[in-house]
Amino acid sequence: HSLHHQSLTRLNFRRNGFHSIHCILIALATKLRCRACDYNIFLETDDILIIGAGLVGAAQAVALAQAGLRVALVEAAPRSERLKDSYDGRTSAIAFASQKILESIGVWQRLDDTCAITDIRVCEDGGTCFVHYDSTQVEGGEPFGHIVENRLLRHALSDAVDECEGITQYEG
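Residues numbered from 1 in each chain as written. Predicted model: local features only at pLDDT ≥ 70, side-chain atom pairs only at ≥ 80, totals over all residues. Heavy atoms only, no water.

J.: How should the side chain of glutamate 75 be read in this particular structure?
T.: Mapping glutamate 75 onto the fold places it in strand S5 (residues 71-75). Buried charged residue glutamate 75 carries no salt bridge. Nearest counter-charge: arginine 82, at 5.0 Å. Here the side chain of glutamate 75 touches alanine 53 through a polar contact of 2.7 Å, landing on its backbone nitrogen. A polar side-chain atom of glutamate 75 sits 3.1 Å from the main-chain amide nitrogen of alanine 77. (Helix = DSSP H or I, 4+ residues; strand = E, 2+ residues; numbered from the N terminus. Buried < 20%, exposed > 50% of the residue type's maximum accessible area, 1.4 Å probe, protein only. Lys, Arg positive; Asp, Glu negative; His and termini not counted. Salt bridge = Lys/Arg side-chain N within 4 Å of Asp/Glu carboxyl O. Polar contact = N/O pair within 3.5 Å; in protein donor to acceptor, adjacent residues only side chain to side chain.)

J.: I'm lost on the side chain of serine 158 in this one. Help?
T.: Turning to its location among the elements, serine 158 is positioned in helix H5 (residues 150-163). A distance of 2.8 Å separates polar atoms of two side chains, one belonging to serine 158 and the other to arginine 79. Once you skip the residues sitting within four places of it in the chain, serine 158 turns out to touch Arg79 and Leu83. (Contact = heavy atoms within 4.5 Å.)

J.: What's the story with the nonpolar core in this structure? I'm lost.
T.: Note on soluble globular proteins: their nonpolar side chains tend to be buried together. If you look at the biggest cluster of nonpolar residues, it comprises 25 residues, and the most contacted ones within it are Val71, Leu102, Val107, Leu153 and Ile167. Mapped onto this core, the elements with two or more residues apiece are strand S4 (48-51), helix H2 (55-66), S5 and H5. Here this core takes six residues from H2, the largest share from any one element. Contacts of isoleucine 167, omitting those with residues within four sequence positions, involve Ala61, Val62, Ala65, Val71, Leu73 and Val161. Formed by five residues, the second largest nonpolar core is a distinct cluster that contains Leu49, Ile51, Ala72 and Tyr170. (Core = buried A, V, L, I, M, F, W, Y, C linked by side-chain atoms within 4.5 Å.)

J.: Sorry, what's going on with a nonpolar patch on the surface here?
T.: Side chains of Ile120, Val122, Val131 and Tyr133 sit close together on the surface and give an oily, nonpolar patch of about 320 Å² of accessible area. Looking at the nonpolar patch, the elements that each hand over two or more residues are strand S8 (119-123) and strand S9 (130-134). Here tyrosine 133 is to be found in strand S9. (Patch = residues over 30% accessible without salt bridge, like charges linked within 9 Å, V, L, I, M, F, W, Y side chains within 5 Å. Areas by Shrake-Rupley, 256 points an atom, 1.4 Å probe, with all protein chains shown as cover.)

J.: Just checking my understanding: could you explain the sheet that holds strand S10 (residues 145-149) for this structure?
T.: Strand pairing in a sheet relies on backbone hydrogen bonds, with the paired strands running either antiparallel or parallel. Taken together, the three strands give an open sheet; going across it, the order is S6-S10-S7, and neighbouring strands pair in antiparallel fashion. Each edge of the open sheet carries a strand with a single partner, namely strand S6 (91-95) and strand S7 (114-117). The average undirected angle you get between the axes of adjacent strands in this sheet is 25°. Strands in contact with helix H4 (residues 96-104) are S6 and S10; relative to S6, the strand with the most contacts, it is inclined by about 90°. (Pairing = 2+ DSSP bridges. Axes fitted to C-alpha atoms, helices over the stretch in contact; angles between N-to-C directions.)

J.: I tried to follow the environment of isoleucine 94 on my own but got confused; where do I start?
T.: Looking at the element boundaries, isoleucine 94 is found in strand S6. For isoleucine 94, a relative accessible area of 11% translates into the label buried. Through-space distance from the C-alpha of isoleucine 94 to that of threonine 114 is 9.7 Å; in sequence the pair is 20 residues apart. Beyond its immediate chain neighbours, meaning those up to four positions away, isoleucine 94 contacts Gln99, Leu102, Trp108, Gly145, His146, Val148 and Leu153.

Shown next as structure tokens:
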């Protein structure tokens with residue numbers, strides 16, 4: 001396909017009933033057509049379309065591809081930009097359940113540098129009262145989650161996406 005047909009800017013998502021280009025959207029890929037030229041973008045070769053190859057979209061694509069579905073993963077930002085360390089300097093708190101999902105799709109094992117969340121203290125600004133959660137007091141003693149740099153998670157997910165035969169990546 002040419003970039004004309006892969007370009008997100010050519011699609012009118014609102015007219016097709018989608019909320020916005022920035023949300024993670026899963027839809028039947030065969031239903032989405034380029035309004036500019038009425039070209040069926042994904043040619044009925046994909047089962048699922050995911051708009052956004054960020055942390056959530058990439059993880060969803062890997063999980064669906066591993067389940068045997070053919071996934072079209074569409075992202076506006078070029079891969080070369082997304083994989084730069086300067087692209088996103090944020091850090092995420094990954095909840096225990098989300099960690100288990102990432103583990104089940106083989107992404108968590110690729111991360112070497114995480115920090116366990118074992119204590120949480122909740123209080124009002126300036127207040128003297130607080131609530132303290134200690135993971136050692138919970139059955140199993142597992143951390144509540146982990147702190148992970150987004151760039152590390154993005155690289156691990158990108159590698160997993162590249163290794164999945166059932167994912168076709170589009171950017172533009």
